[in-house]
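# Summary of structural features
Listed below, chain by chain, are the residues.
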Amino acid sequence: MFQALSDSTRRRMLRELADGERTVGQLAEPFAMSLAAASKHIKVLESAGLIRREVRGRTHLCRLDPSPLSNAQRWLAFYEAFWTDRLSVLDRLLRDAPTTPTTDKDADP
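Attention in this report is confined to the structure presented alongside it. (Residues numbered from 1 in each chain as written. Predicted model: local features only at pLDDT ≥ 70, side-chain atom pairs only at ≥ 80, totals over all residues. Heavy atoms only, no water.)

## Things to note about the overall build of the protein chain
For clarity, the threshold we go by: A run of H or I in DSSP becomes a helix once it reaches four residues, and a run of E becomes a strand once it reaches two; helices and strands are each numbered from the N terminus. What the globule rule says is 2.2 Å times the number of residues to the power 0.38, and the radius of gyration is computed from C-alpha atoms. Relative accessibility decides the category of a residue: with a 1.4 Å probe and only protein chains considered, values under 20% of the type maximum give buried, values over 50% give exposed, and everything between is partly exposed. For this analysis, residues touch if any pair of their heavy atoms sits within 4.5 Å. For the accessible areas, the method is Shrake-Rupley and the probe is 1.4 Å, while residue cover comes only from the protein chains on display.
What the protein chain contains, in helices and strands, is five helices and three strands. Reading the protein chain from its N end, one meets helices and strands in the order α-α-β-α-α-β-β-α. The C-alpha atoms of the protein chain give a radius of gyration of 24 Å, which is well past the 13 Å a tight globule of 109 residues would have. When its C-alpha atoms are laid out on the principal axes, the protein chain stretches across 85 × 30 × 20 Å. Split into buried and exposed, the 109 residues of the protein chain put 22% on the buried side. Nonlocal contacts in the protein chain, meaning residues at least 24 apart in sequence, comprise 47% of its contacts between residues at least 6 apart. Roughly 8200 Å² of accessible area belongs to the protein chain as shown, and the carbon and sulfur atoms make up 54% of that amount.

## As for the pattern of salt bridges
Put simply, the test is: We count a salt bridge whenever a side-chain nitrogen from Lys or Arg sits within 4 Å of a carboxyl oxygen from Asp or Glu.
For the coordinates displayed, the defined rule picks out nine salt bridges. Here R22 and E16 are joined by a salt bridge, their closest N and O atoms 3.7 Å apart. Residues E21 and R63 are paired through a salt bridge, measuring 2.6 Å at the closest nitrogen-oxygen approach. A residue pair is termed long-range when its members are at least 10 positions apart, and E21 in the loop between α2 (8-18) and β1 (22-23) and R63 in strand β3 (residues 59-64) qualify at 42 residues. On the basis of relative accessible area, E21 is assigned to the partly exposed category, the value being 31%. Taking relative accessible area as the criterion, R63 reaches 36% and is therefore assigned partly exposed.

See the structure below:
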């Protein structure tokens, strides 16, 4: 999923889909790309489980599936809390550490 999100084009496509379903052509339009190129991006998003595609005749409609994003958010939140806690401990240790006067080797005695 993170590989799918690493591309700015695919992130923008997901933002478009957050407003409702779009055709492949509608997703390709803001990027001035071919339908084939847009379809490759969409396949990556589909493989990551981030979108669902429905074929209606010759029209391919794409819809956002936010559930994998929710799982990723929980995963990221765990590590955010983990590192925030570790950095807070480090901050306390550094603030509580005794300060040692520094000597300037170039200063006159």
